[in-house]
Amino acid sequence: MVALDEVDSTNTDAMRRLTSANVAPDRPFWVVSDLQTAGKGRSGRGWSHPRGNLAASLALPAPADAETRGQLALVAGLAVYDAIADALRSVAPTARIELKWPNDVLVERAKISGILIEATEIAGAWWAVVGCGINIVSAPEIAGRAAISMNEMGTDTSAPEVLKAVATNWSRHLELWRHGENFAAIRARWLQSSLPIDTSLTVNAGDEQVAGYFAGLGPRGELLIKDPSGRIRRVTFGDVAIAPSRGIED
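### Details of the pairing of strand E7 (residues 104–107)
At step 1: Side-chain alternation along E7 places Asp 104 and Leu 106 on one buried face and Val 105 and Val 107 on a second face that is also buried.
At step 2: Relative to E7, strand E6 (residues 97–100) is paired through 4 bridges, and the arrangement is antiparallel. Along E7, the bridge assignment pairs Leu 99 with Val 105.
At step 3: Between E6 and E7, which pair antiparallel in sequence order, lie 3 residues.
At step 4: One ladder, built from 2 bridges, connects E7 with strand E8 (residues 110–111); its direction is antiparallel. Its bridge partner lying in E8, Leu 106 is registered against Lys 111.
At step 5: In this structure, the hairpin formed by E7 and E8 is closed by a connection of 2 residues, where Glu 108 is found at a positive phi of approximately 50°.

### Quick word on the packing of aromatic side chains
At step 1: This model, assessed by the stated rule, comprises 0 aromatic pairs.
At step 2: Between Arg 69 and the ring centre of Trp 126, over which it is positioned, the NZ or CZ distance is 3.9 Å.

### Thoughts on empty space enclosed by the protein
Take a probe with the size of a water molecule and roll it over the atoms, and the empty space left behind shows itself.
At step 1: According to the stated counting rule, one finds 1 cavity of 30 Å³ or more in the structure shown.
At step 2: A volume near 40 Å³ is recorded for the largest cavity.
At step 3: Lining of the largest cavity is provided by Leu 99, Lys 100, Trp 101, Trp 190, Leu 195, Leu 201, Phe 214, Leu 223 and Val 240.
At step 4: The class makeup of the residues in the lining of the largest cavity is 8 nonpolar, no polar and 1 charged.

### Things to note about the layout of surface pockets
At step 1: A volume near 780 Å³ is recorded for the largest pocket.
At step 2: If you trace the largest pocket, you find 29 residues lining it, with Gly 70, Ala 73, Trp 101, Thr 236 and Phe 237 closest to the centre.
At step 3: Residue assignment for the lining of the largest pocket shows that the elements contributing at least two residues are helix H2 (66–70), helix H3 (72–89) and strand E9 (113–122).
At step 4: Taken together, the residues that form the lining of the largest pocket break down as 13 nonpolar, 8 polar and 8 charged.

### Examining helix H4 (residues 159–177)
At step 1: The end-to-end C-alpha distance of H4, which contains 19 residues, comes to 26 Å, matching closely the 27 Å that a straight helix rising 1.5 Å per residue would cover.
At step 2: The inward-facing, buried residues of H4 contact strand E2 (29–36), strand E5 (54–61), H2, H3, strand E10 (125–134) and helix H5 (183–192).
At step 3: In the stretch just after H4, Arg 178 is the one whose phi turns positive, near 55°.

### Describing the nonpolar core
It is characteristic of soluble globular proteins that their nonpolar side chains tend to be buried jointly.
At step 1: Formed by 58 residues in total, the largest nonpolar core has its most connected members in Leu 54, Ile 134, Trp 170 and Leu 223.
At step 2: Element by element, the count of residues in this core is highest for H3, at 12 residues.
At step 3: Core analysis: the second largest hydrophobic core is formed by 9 residues, Leu 18, Phe 29, Ala 59 and Val 129 among them.

### Section: the sheet that holds strand E11 (residues 200–205)
In a beta sheet, neighbouring strands are held together by backbone hydrogen bonds and run either parallel or antiparallel to one another.
At step 1: Here we have 5 strands laid out as an open sheet, ordered E14-E13-E12-E11-E15, and antiparallel in their pairing. Of all the strands in the sheet, just strand E14 (232–235) and strand E15 (239–242) have a single pairing partner and so form its edges. For this sheet the average axis-to-axis angle between neighbouring strands, irrespective of direction, equals 45°.
At step 2: The pairing of strand E13 (residues 223–226) with E14 spans 4 bridges and is antiparallel. Residue pairing for E14: Ile 225 is matched across the bridge by Arg 233.

### Some remarks on H3
At step 1: Here H3 contains 18 residues, and its C-alpha end-to-end distance of 25 Å stays within 8% of the 26 Å for a straight helix at 1.5 Å per residue.
At step 2: H3 sits mainly inside the fold: 15 of its 18 residues count as buried.

### Some points on the environment of Pro 25
At step 1: By the element assignment, Pro 25 lies in the loop between helix H1 (10–20) and E2.
At step 2: Along the backbone, Pro 25 and Gly 180 are 155 residues apart, and their C-alpha atoms lie at a distance of 22 Å.

Rules used throughout
- Residues numbered from 1 in each chain as written.
- Predicted model: local features only at pLDDT ≥ 70, side-chain atom pairs only at ≥ 80, totals over all residues.
- Heavy atoms only, no water.
- Buried < 20%, exposed > 50% of the residue type's maximum accessible area, 1.4 Å probe, protein only.
- Helix = DSSP H or I, 4+ residues; strand = E, 2+ residues; numbered from the N terminus.
- Pairing = 2+ DSSP bridges.
- Phe/Tyr/Trp six-rings, centres within 6.5 Å; stacked < 30°, edge-to-face > 60°.
- Lys NZ or Arg CZ within 6 Å of the ring centre and 35° of its normal.
- 1 Å grid on protein atoms, 1.4 Å probe; cavity = no way out; pocket = protein on both sides within 12 Å on 5 of 7 lines; lining within 4 Å.
- Points joined across faces, edges and corners; volume = space filled by probe spheres on them.
- Nonpolar A, V, L, I, M, F, W, Y, C, P; charged D, E, K, R; others polar.
- Expected span 1.5 Å × (residues − 1).
- Contact = heavy atoms within 4.5 Å.
- Core = buried A, V, L, I, M, F, W, Y, C linked by side-chain atoms within 4.5 Å.
- Axes fitted to C-alpha atoms, helices over the stretch in contact; angles between N-to-C directions.

Right under this line is the structure:
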């Protein structure tokens, strides 16, 4: 593990370490920092990270096939979900904890974590950098969206304790996934922890906005959305938000 006091971004630092020598490392490694000054979120957004919250990135070998590599987003979501759910179970046993595609963890419909995955090819081998930010002591202000921290939910856990739980769950779910050979089990496990079917969603996918109702995951992990006419749309990328409930009959 590479432990830093301050860094621009744990993802950026991990990627620099991967690419600087142009030789693939002999094992996965974590980069973790107490302070992150230029954290990265999806779609080019920044990610706020004060001291006390968790900012960590895991660099690990990844499948060459882009579709299979993309499944890491769901594996990562499960690892973070389980770590958060385990920490909150004793202090908030009735809290609503849910996964929103592909890997945001929501507590009482407020965002408590974010994950960003980047990939690179090094000397003919593919590696992924999976960045994980978890609100432990405080939650950032996110325009138009609620955010929450673990401390607000009543737990006094620390970033090192949460990282240990995330790493343990990562190992468990990666073993289950088997580089995509057993993705069906990951998909089933993810759906057990997801938003309820028929939750109203909007997806900003480039120049297109898709609105409808959560209809599950496709066999490759794509988001399924049922539009108001009942047609199922398959979404492979985009920024997903929960929309005000309109009722499935609308």
